[in-house]
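Fold and contact review
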Amino acid sequence: MKQPVFTGSCAALITPFADNNAIDYPALLRLLDFQLENGTDAVVVCGTTGEAAAMSRVERMRTIETVVRHVDGRIPVIAGTGSNNTENAVTLSKDAVLAGVDALLVVTPFYNKATQKGLIRHYTAIADSVTKPMLLYHVPSRTGVKCTAETYAALAKHPNIVGVKEAGGDLALVQKTRELCPEDFYIWSGNDDETAPMMLFGGKGVISVAANVAPREMHELTEACLNGDFVTAGKMQLKLRKLCEALFWEVNPIPVKTALAMMGYCQEAFRMPMCEMEPENREKLKGVLKEYGLI
């Protein structure tokens with residue numbers, strides 16, 4: 001039986017940049033320490049929140065290696081290695097495995113808009129090429145591609161495919177996936193505001209944007225769910241509602257990186273086409289962070 005890569009809260013890390021557009025590795029280490037000190041159960045490096053699409057292959061590998069080395073086995077490190085080019089995704093995945101990651105997170109191929117048959121072939125080719133567990137990443141709002149529960153069921157047969165980060169906002173799909181797939185095909189929420197509902201349907205945790213700024217709170221929310229205390233979890237989910245909402249007032253990772261800059265962990269620097277937050281939204285975000293005692 002396949003085992004979950006992690007249970008609980010996994011922070012989808014930002015990638016901090018300096019004023020000269022280079023990666024700010026000292027800031028990255030500070031962010032990792034903040035996560036490790038506050039109970040985060042795993043981290044994703046070079047995912048959507050990490051602006052990986054705007055990074056070179058060399059930058060991605062050095063960033064992954066830096067995270068693996070600093071974490072040093074204390075929690076699982078998952079690398080985002082998706083691409084709309086299957087060959088590129090295979091190469092990125094192999095390189096990440098060589099860098100020492102514990103698992104891979106592979107988004108559905110964007111822009112090309114593969115069929116369900118194409119998705120199965122794409123993911124199978126990547127999973128066949130590596131020796132580490134692989135999580136599918138379903139986020140149709142960004143990719144324009146939707147997976148079906150039947151596709152998940154077909155992919156669940158592969159020994160290296162252990163589950164999905166489900167960010168489609170479709171709880172009916174989650175329920176059907178749970179019905180069609182074996183117990184060892186695991187589901188993680190990809191939306192912070194759906195963490196408790198998805199875990200009620202058997203989800204193992206969340207891959208979280210909010211955990212960047214509130215790692216302890218997201219860990220405790222998922223812990224309550226894993227312990228079956230959904231009354232407490234529901235209250236915690238509602239308490240975090242405004243923060244989760246604020247972190248998506250503009251395209252991720254603009255708000256969360258702005259928040260971390262306000263908290264003193266990084267510079268407010270982005271890779272184009274990402275850019276700074278609108279002044280009005282920035283002031284509103286500052287108010288929310290103050291309300292939650294984060295600044």
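Residues numbered from 1 in each chain as written. Predicted model: local features only at pLDDT ≥ 70, side-chain atom pairs only at ≥ 80, totals over all residues. Heavy atoms only, no water.

What to know about the packing of helix 3 (residues 86-99) against helix 4 (residues 116-128)
In a packed pair of helices, the relevant descriptors are the angle between the two axes and the axis-to-axis distance. Where helix 3 meets helix 4, the closest approach of the two axes is 9 Å, and the angle between their N-to-C directions is 30 degrees. When the axes of helix 3 and helix 4 are compared, the pair comes out roughly parallel. Note on packing geometry: the crossing formed by helix 3 with helix 4 is right-handed. Residues Thr86, Ala89, Val90 and Ser93 of helix 3 form the contact with helix 4, whose participating residues are His122, Ala125 and Ile126. Each residue belonging to the contact of helix 3 with helix 4 can be placed in one class, and the counts come to 4 nonpolar, 3 polar and no charged. (Axes fitted to C-alpha atoms, helices over the stretch in contact; angles between N-to-C directions. Helix = DSSP H or I, 4+ residues; strand = E, 2+ residues; numbered from the N terminus. Parallel < 35°, antiparallel > 145°, perpendicular 65-115°, else oblique. Left-handed = near helix turned anticlockwise from the far one by under 90°. Contact = heavy atoms within 4.5 Å. Nonpolar A, V, L, I, M, F, W, Y, C, P; charged D, E, K, R; others polar.)

Some thoughts on unusual backbone geometry
Cis rather than trans, the peptide bond between Asn252 and Pro253 has omega equal to 15 degrees. Tracing the sequence through the fold places Pro253 in the loop between helix 11 (241-246) and helix 12 (254-262). Looking along the chain, the bond that leaves Met272 and enters Pro273 is cis, with omega of 20 degrees. The residue Pro273 is located in the loop between helix 12 and helix 13 (279-291) in this model. One non-glycine residue, Cys46, lies in the positive phi region at around 65 degrees. If you trace the backbone, Cys46 turns up in the loop between strand 2 (42-45) and helix 2 (57-71). Positive phi, close to 55 degrees, is recorded for Glu51, a residue that is not glycine. Its place among the elements puts Glu51 in the loop between strand 2 and helix 2. By relative accessible area, which is 5% here, Glu51 ends up buried. (Buried < 20%, exposed > 50% of the residue type's maximum accessible area, 1.4 Å probe, protein only.)

Focus: the environment of Thr143
As for its position among the elements, Thr143 is in helix 5 (residues 140-143). Under the relative-accessibility criterion, Thr143 is labelled buried at 7%. Placed 70 residues apart in sequence, Thr143 and Val213 show a C-alpha to C-alpha distance of 26 Å. Among residues more than four places away in sequence, those in contact with Thr143 are Val107, Thr108, Phe110 and Tyr111. Here the side chain of Thr143 touches Thr108 through a polar contact of 3.3 Å, side chain to side chain. (Polar contact = N/O pair within 3.5 Å; in protein donor to acceptor, adjacent residues only side chain to side chain.)

Comments concerning the pairing of strand 7 (residues 186-189)
Of the two faces of strand 7, the one lined by Tyr186 and Trp188 and the one lined by Ile187 and Ser189 are each fully buried. In this view, the connection linking strand 6 (residues 161-166) to its parallel neighbour strand 7 by way of helix 7 (residues 171-180) has right-handed handedness. Note that strand 7 and strand 8 (residues 205-208) share 2 bridges and pair parallel. Residue pairing for strand 8: Ser189 is matched across the bridge by Val206. Taken together, strand 7, helix 8 (residues 195-200) and strand 8 form a β-α-β motif whose crossover is right-handed. (Right-handed = clockwise from strand over helix to strand, strands pointing away. Pairing = 2+ DSSP bridges.)

Some thoughts on the side chain of His138
With respect to the secondary-structure elements, His138 resides in strand 5 (residues 134-138). At a separation of 3.1 Å, a polar atom in the side chain of His138 contacts the side chain of Tyr152. Excluding residues within four positions of it along the chain, His138 makes contact with Val145, Lys146, Cys147, Tyr152, Val164, Lys165, Glu166, Ala167, Gly168 and Leu173.

A closer look at the pattern of salt bridges
One pass over the structure, following the stated rule, counts 8 salt bridges. The residue Glu51 makes a salt bridge to Lys257 at a minimum N-O spacing of 2.5 Å. You can see Glu51 sitting in the loop between strand 2 and helix 2 and its partner Lys257 sitting in helix 12, a full 206 residues away along the chain. With relative accessibility at 0%, the residue Lys257 sits in the buried group. (Salt bridge = Lys/Arg side-chain N within 4 Å of Asp/Glu carboxyl O.)

Side note on the sheet that holds strand 3 (residues 77-80)
Spatial strand order, 1-2-3-4-5-6-7-8: 8 strands in a closed barrel with parallel pairing. Here the strands of the sheet are splayed against their neighbours by 25 degrees on average, with no regard to which way each runs. As paired strands, strand 3 and strand 4 (residues 103-107) are joined by 3 bridges and run parallel to one another. Bridging across to strand 4, Gly80 finds its partner in Leu105. Seen against the sheet, helix 7 touches strand 5, strand 6 and strand 7 and runs at an angle of roughly 165 degrees to strand 7. Contacting strand 1 (8-12) and strand 8, helix 9 (residues 215-226) crosses the sheet at an angle of about 150 degrees to strand 1.

Thoughts on the packing of helix 12 against helix 13
In contact at an axis separation of 10 Å, helix 12 and helix 13 are set at 60 degrees when each is read in the N-to-C sense. Comparing the axis directions of helix 12 and helix 13 gives the class oblique. Pair helix 12 / helix 13 crosses with right-handed handedness. Contacts between helix 12 and helix 13 pair Pro255, Thr258, Ala259 and Met262 from the former with Arg282, Leu285, Lys286 and Leu289 from the latter. A breakdown of the residues in the contact of helix 12 with helix 13 according to their chemical character gives 5 nonpolar, 1 polar and 2 charged.

These figures come from the coordinates and say nothing about function on their own.
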